[in-house]
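Residue-level structure breakdown
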Amino acid sequence: MASLEIKDVGKSYPNGIVALSGINLSVRPGEILAIVGGSGCGKSTLLRLLSGLDVATTGAITLDNAPVSSPHPSVGIVFQEPRLLPWLSVADNVGFGIAHLPRTEREVRVQTALKRVGLADYGRRWPRELSGGQGQRVAIARALVAQPSVLLLDEPFSALDAFTRVELQDHLLELWADTRPMMVLVTHDIEEAVALASRIVVMRPSPGHIEAEFDVTLPRPRDRLTSRFDEEKRRVLLALNDSLSQRRDATVPLLKSA
Amino acid sequence: MTTIAVSGGLGSETLGDNANRRSRKTGGYAHSAAGILLPIVVALAWEAAVRFGLANGRLVPPPSAIFATLRDLAVIGELWVHIKATVLRVAAGFAAGTLVATVFGAIAGYSTLTRRLFDPTLQGLRAVPSIAWVPLFILWFGIYEASKVTLIAVGVFFPVYLGVLGAILSVDRKIVEVGRVFRLTAVALVLRILLPSILPAYVISLRSGLGLGWMFVVAAEFMGASEGLGYLLVDGQQLGKPQQIVAAIFTFAILGKFSDWLLSRVTEPFLKWQDSFAGGR
Ligand SMILES: Nc1ncnc2c1ncn2[C@@H]1O[C@H](COP(=O)(O)OP(=O)(O)OP(=O)(O)O)[C@@H](O)[C@H]1O
Ligand SMILES: [Mg+2]
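What counts, and where the lines are drawn
Residues numbered from 1 in each chain as written. Chains lettered and ligands numbered in written order. Predicted model: local features only at pLDDT ≥ 70, side-chain atom pairs only at ≥ 80, totals over all residues. Heavy atoms only, no water. Helix = DSSP H or I, 4+ residues; strand = E, 2+ residues; numbered from the N terminus. Polar contact = N/O pair within 3.5 Å; in protein donor to acceptor, adjacent residues only side chain to side chain. Contact = heavy atoms within 4.5 Å. Buried area = accessible area lost by both parts, 1.4 Å probe. Salt bridge = Lys/Arg side-chain N within 4 Å of Asp/Glu carboxyl O. Near = heavy atom within 4 Å. Areas by Shrake-Rupley, 256 points an atom, 1.4 Å probe, with all protein chains shown as cover. Nonpolar A, V, L, I, M, F, W, Y, C, P; charged D, E, K, R; others polar. Buried < 20%, exposed > 50% of the residue type's maximum accessible area, 1.4 Å probe, protein only. 1 Å grid on protein atoms, 1.4 Å probe; cavity = no way out; pocket = protein on both sides within 12 Å on 5 of 7 lines; lining within 4 Å. Points joined across faces, edges and corners; volume = space filled by probe spheres on them. Domains from an automatic or database assignment.

1. Let's talk about the side chain of Ser51 of chain A
Residue and element names in this part refer to chain A. Relative to the assigned elements, Ser51 resides in helix α1 (residues 43–51). A polar side-chain atom of Ser51 sits 2.9 Å from the main-chain carbonyl oxygen of Arg48. When near neighbours in sequence (up to four residues on either side) are disregarded, Ser51 contacts Ser70, Pro71, His72, Val75, Ile77 and Leu152.

Now the structure itself:
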């Protein structure tokens, strides 16, 4: 089982903005870690560091004891937008990262991945012929087809309506249950965090740091309509509010959705 | 138009994708038919006007006179000589201009340093009306083919260079990151991400480059040629043969349109993924 360690990580951008400082976190094997926090508190930055797309200014990130400094074959990422390549069919998009495999194996894997996200018949379409939610599902399939042991998701469902979002969250859970990769999920949506995560990390800005961290002990599958679910949501909200109350004077609400 | 085509012949087609493509094609033919209507009506009207003595048609010859001229030129074999000369010049100038422009544009787009060094100069040169080079090219390359092809190449160069450069600069960083996530090598990144994403803009710049190529071949042939459609123009003017001038213009129109159609036809398979607002041409 893979292990992902984040030690004393800080990141400052060339323009002088300190996006992260003193981040310590270890992602446990097979867990779903949700990162919540207001806009600009460095969630995307942290995820980009984990994916190796950017490099930390200080500290170290290690995957299986090897430092992460560039994209890693066993780390998959799903961005906020699908980012499909418009000149490739849906199937070719899904198979983009496994072009080195023999054709037959690639086709089998692509088809399986598409089936897993409920788009088995969509392989020959163009990305432009998909809805937003379908596009995001293809992006998830593209990340999964490389069979990553770590899957990073940056607000993958934030552009979707509430119904589609819940549906895709359930889909994602099924996928996760398959091989139980580590998942790090950045989200604005507390309900999403409580529904999916085994652990929730609350971040705060200026500079981005971890404010609170707690386990979600609800048994799976989780029913969103129970009072225990609501309790758990309230707990996260309180933690967020605590962290907000220290900046009551802030003019812009730090939390987009609650 | 689209609905007519779909209900017309493809009712049983369930693959929406396929039906769509075909209806577009049918629509396309109908569109080109509509486009040809106006010139035909005007030509027929003018022919009739001259026939019935409403106009004398000496300065603006009627279609029949133009076609007679074309036929005569074709029969004695001269038409092909002129067409061949002009087409070869455009082809050579277009190929050379495109090649150099693509290489320059790619380098300038890829490397910021090169862009800072060369782009301002090239932009400055672009401001020079290209015909202004003619005397210099004649001094440098003589009055024969080399100076003509160079002039055409210069005309083709700028739109293609700008097209390539602009396309590279506007490649979406987000899509490049997808390539990085899957750890593409530099070569694979160029082949699998950069090239396909600049292709649409590149094709457009090639088409405008080709258009300029046809424009400049006339200028080139004006500066002294013994064959070519531009020569027919000059010759027609000097000998007072307006029907020959219009015949040459007509041939230019056909060739220009045909070459543009050919170019877009050849590149079409690579661009069919595009989500343009007209859904194709
Ligand atoms: N490429 C960059 N260059 C400079 N500063 C950046 C860059 N990307 C992000 N920042 C800054 O770093 C901080 C953290 O940004 P980040 O995108 O990580 O926030 P976030 O938590 O993901 O916010 P959101 O929830 O709105 O997506 C912000 O202050 C932002 O302005
Ligand atoms: Mg973000």
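2. Description of the interface of chain A and chain B
Taken together, the 21 residues of chain A in the interface contact 20 residues of chain B. Looking only at chain A, the three residues that lose the most surface to chain B are Trp87, Phe96 and Arg128 of chain A, adding up to 35% of its buried area. Across the chain A-chain B interface, the total number found is three salt bridges. Salt-bridge contacts for Arg83 of chain A lead to Glu177 of chain B; the nearest nitrogen and oxygen are separated by 2.8 Å.

3. Structural notes on the site of ligand 1
All names here are of chain A. Close to ligand 1 lie 14 residues; Ser39, Gly40, Lys43, Ser44 and Thr45 are nearest. Between Tyr13 and ligand 1, the recorded distance is 3.4 Å, taken from a side-chain N or O atom to a nitrogen atom. Residue Gly40 places a main-chain N or O atom 2.8 Å away from an oxygen atom belonging to ligand 1. Protein chains shield 65% of the accessible area of ligand 1, which is 630 Å² for the free molecule. The residue makeup of the shell around ligand 1, split by class, is four nonpolar, eight polar and two charged.

4. What to know about the environment of Ala99 of chain A
Counting through the fold element by element, Ala99 of chain A comes out in the loop between α2 (90–94) and α3 (103–116). Given a relative accessible area of 34%, Ala99 of chain A falls into the partly exposed group. Taking C-alpha positions, Ala99 of chain A is 34 Å from Leu25 of chain A, a pair spaced 74 residues apart along the chain. Beyond its immediate sequence surroundings of up to four residues, Ala99 of chain A is in contact with Arg106 of chain A together with Arg192 of chain B.

5. With respect to the layout of surface pockets
Sizing a probe to match a water molecule and rolling it over the atoms shows the empty space that remains. All names here are of chain A. Here the second largest pocket is characterised by a volume of approximately 340 Å³. The wall of the second largest pocket is formed by 16 residues, among which Ala91, Asp92, Arg106, Glu107 and Val110 lie closest to the centre. Counting residues per element, the lining of the second largest pocket draws most heavily on α3, which supplies five residues. A per-class count over the lining of the second largest pocket returns six nonpolar, four polar and six charged.

6. Brief notes about the domain arrangement of chain A
Residues and elements named next belong to chain A. Here chain A is described as being made up of domain 1 (29–55 + 65–74 + 150–257) and domain 2 (83–147). Of note, the centres of domain 1 and domain 2, computed from C-alpha atoms alone, are 25 Å apart. Listed per partner, the contact involves 12 residues of domain 1 and 10 residues of domain 2. For the pair domain 1 and domain 2, the two sides together bury roughly 980 Å², of which 67% comes from carbon and sulfur.

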